[in-house]
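Breakdown of the fold
The lines below spell out each chain.
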Amino acid sequence: MASMAASSIAAPSSVNKGRLSSLFLSPPDRLPHRNACFLPLKKLRSSSAVPLAKTDAGLAFSPLPPGNRSFLPTAGLSTRVLGFSLSSQLVRRRPIERLVVKAAAAYEEEGHLEAAAKSFGERFPALVTGFFFFTWYCLNVIFNILNKKVYNYFPYPYFVSVVHLLVGVVYCLGSWSVGLPKRAPINKELLLVLTPVAFCHALGHVMSNVSFAAVAVSFTHTIKALEPFFSAAASQFVLGHQIPLSLWLSLMPVVLGVSMASLTELSFNWTGFISAMISNISFTYRSIYSKKAMTGMDSTNVYAYISIIALFVCIPPAILIEGPKLMQHGFSDAIAKVGLVKFLSDLFWIGMFYHLYNQVATNTLERVAPLTHAVGNVLKRVFVIGFSIVIFGNKISTQTGIGTAIAIAGVAMYSLIKANMEEQKRKAAAEAPSS
């Protein structure tokens, strides 16, 4: 059998012995088996032969020159795959090539899985930031509307301020108990640093509520648009920072607009005006003390500790100023007007929305640049003023509307200039070590 196979193969003398391999590849259409393969000559068992393919297009290996075609015996031959194999006229890859392809496929699949594993926020950061701003505005508007509705039948801002902080503190304690977020430890030194911040926060919060209870929500927010003016004044005269002339000029429309709105505001009274101004001063000093109280703690924990301290600050004046009236007729009058269930639910929800909008505001401002922060604050005030006018149907004079618009435009101008200045300082500080 071996001699017959050897005699049936005519190898030309011109073929180099090194190229004369014992393996031949036959096209798949000429083999009795579907899968073509390298055929060992030692296992050829028949002298019957078929011609090789006329072209080398389907061959991965050809040991003979194109001009010398021989015949391979094929009857009863063994077709164990030694190297290449063909299926449906395609040459199968060598084992090492198959491993490379599998590795590449696995790498590509891993890349797809990694991309799929990315969070929604990592893939669409702008969309998530927009959602944060939208949530912040909505929570703020809802809080202001519900808060004013409560004051319409329960005009006790000191007690309501305590409720705001109390609900927020209970929420923080519940979040800490489940580890969302994990409570940051606090010591005596940190407590002393946060106490001035919490005191200013408590005073500003109470005075804002006194103003909300006394005048229209839109007018209170118009007065609170003066907060950048007090911030600039404190920076210049308290901290000794030099404020550029451009910032002072941008604040002139704010002062002018608030003055125009105040002169013709239908709900104007001095209690609402003065309390809103005290709120501006308090929040200005809160910002100053906050810069001195940079502890490295995350904002959620800092706000929680500030809320707890502020709650203890607000309780004594609420008891002293409003306690007797509340015990005599305050609670009973409110329950008689709306019922016990609605009264308690209203107090709970205004406290919850107060805490949530402040927390979402903090988280939102951490995600954006100072310029976006400034624009966001201005737009928030526009949202609150606009919605409060629509919901409560407050009648405003033409001069009040124009004054409010001028004040908001001035705040926007001031915020943009200040944000650009802060950005330039940050870039200069970042480039200083490399220069």
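Residues numbered from 1 in each chain as written. Predicted model: local features only at pLDDT ≥ 70, side-chain atom pairs only at ≥ 80, totals over all residues. Heavy atoms only, no water.

In the annotation of an unreviewed UniProt entry, the entry for the protein chain reads Sugar phosphate transporter domain-containing protein, and the organism field reads Linum tenue. Quoted verbatim from the Subcellular location (unreviewed entry) field of the UniProt record, the comment on the protein chain reads "Plastid, Chloroplast membrane". (UniProt positions renumbered as here; feature names shortened; annotations may be inferred.)

Let us look at the confidence of the model for the protein chain. Residues with a pLDDT of 70 or more make up 69% of the protein chain, whose mean pLDDT is 76. Across the protein chain, helix H5 (residues 157–177) holds the top mean pLDDT of 95, while strand E1 (residues 23–25) sits lowest at 41. (pLDDT = per-residue confidence, 0-100. Helix = DSSP H or I, 4+ residues; strand = E, 2+ residues; numbered from the N terminus.)

The next thing to look at is the packing of aromatic side chains. Within this structure, the stated rule accounts for 24 aromatic pairs. Relative to Phe-331, the ring of Phe-154 lies with its centre 6.1 Å away and its plane at 20°, an arrangement referred to as stacked. Taken together, the residues span a long stretch of sequence, with Phe-154 in the loop between helix H4 (125–153) and H5 and Phe-331 in helix H11 (residues 299–338) at a distance of 177 residues. Since its relative accessible area comes to 0%, Phe-154 is described here as buried. Taking the relative accessible area as the measure of exposure, Phe-331 reaches 27% and is therefore partly exposed. Taking the centre distance of 5.7 Å and the plane angle of 85° together, the rings of Phe-229 and Phe-230 count as edge-to-face. (Phe/Tyr/Trp six-rings, centres within 6.5 Å; stacked < 30°, edge-to-face > 60°. Buried < 20%, exposed > 50% of the residue type's maximum accessible area, 1.4 Å probe, protein only.)

The next thing to look at is unusual backbone geometry. The residue after Leu-180, namely Pro-181, is reached through a cis peptide bond having omega 0°. Note that Pro-181 resides in the loop between H5 and helix H6 (188–214).

This next bit is on the packing of helix H7 (residues 217–224) against helix H9 (residues 245–263). At their nearest, the axes of H7 and H9 sit 9 Å apart, and the two run at 150° to each other. The pairing of H7 with H9 is recorded here as roughly antiparallel in orientation. H7 and H9 meet at a crossing whose hand is left-handed. Here Phe-219, Thr-222 and Ile-223 of H7 lie close against H9, whose contacting residues are Val-258, Ala-261 and Ser-262. Residues of the contact of H7 with H9, tallied by class, amount to 4 nonpolar, 2 polar and no charged. (Axes fitted to C-alpha atoms, helices over the stretch in contact; angles between N-to-C directions. Parallel < 35°, antiparallel > 145°, perpendicular 65-115°, else oblique. Left-handed = near helix turned anticlockwise from the far one by under 90°. Contact = heavy atoms within 4.5 Å. Nonpolar A, V, L, I, M, F, W, Y, C, P; charged D, E, K, R; others polar.)

Where nonpolar side chains cluster on the molecular surface, the patch consists of Phe-199, Leu-203, Trp-270, Ile-274 and Ile-278 and spans about 490 Å² of accessible area. Take the nonpolar patch: its biggest share by element is 3 residues, from helix H10 (residues 270–292). With respect to the helices and strands, the residue Trp-270 is situated in helix H10. (Patch = residues over 30% accessible without salt bridge, like charges linked within 9 Å, V, L, I, M, F, W, Y side chains within 5 Å. Areas by Shrake-Rupley, 256 points an atom, 1.4 Å probe, with all protein chains shown as cover. Salt bridge = Lys/Arg side-chain N within 4 Å of Asp/Glu carboxyl O.)

The topology assignment puts His-164 in helix H5. Taking C-alpha positions, His-164 is 8.9 Å from Leu-311, a pair spaced 147 residues apart along the chain. In contact with His-164, not counting residues within four places along its chain, are Phe-143, Asn-147, His-205, Asn-209, Ile-350, Gly-351 and Tyr-354.

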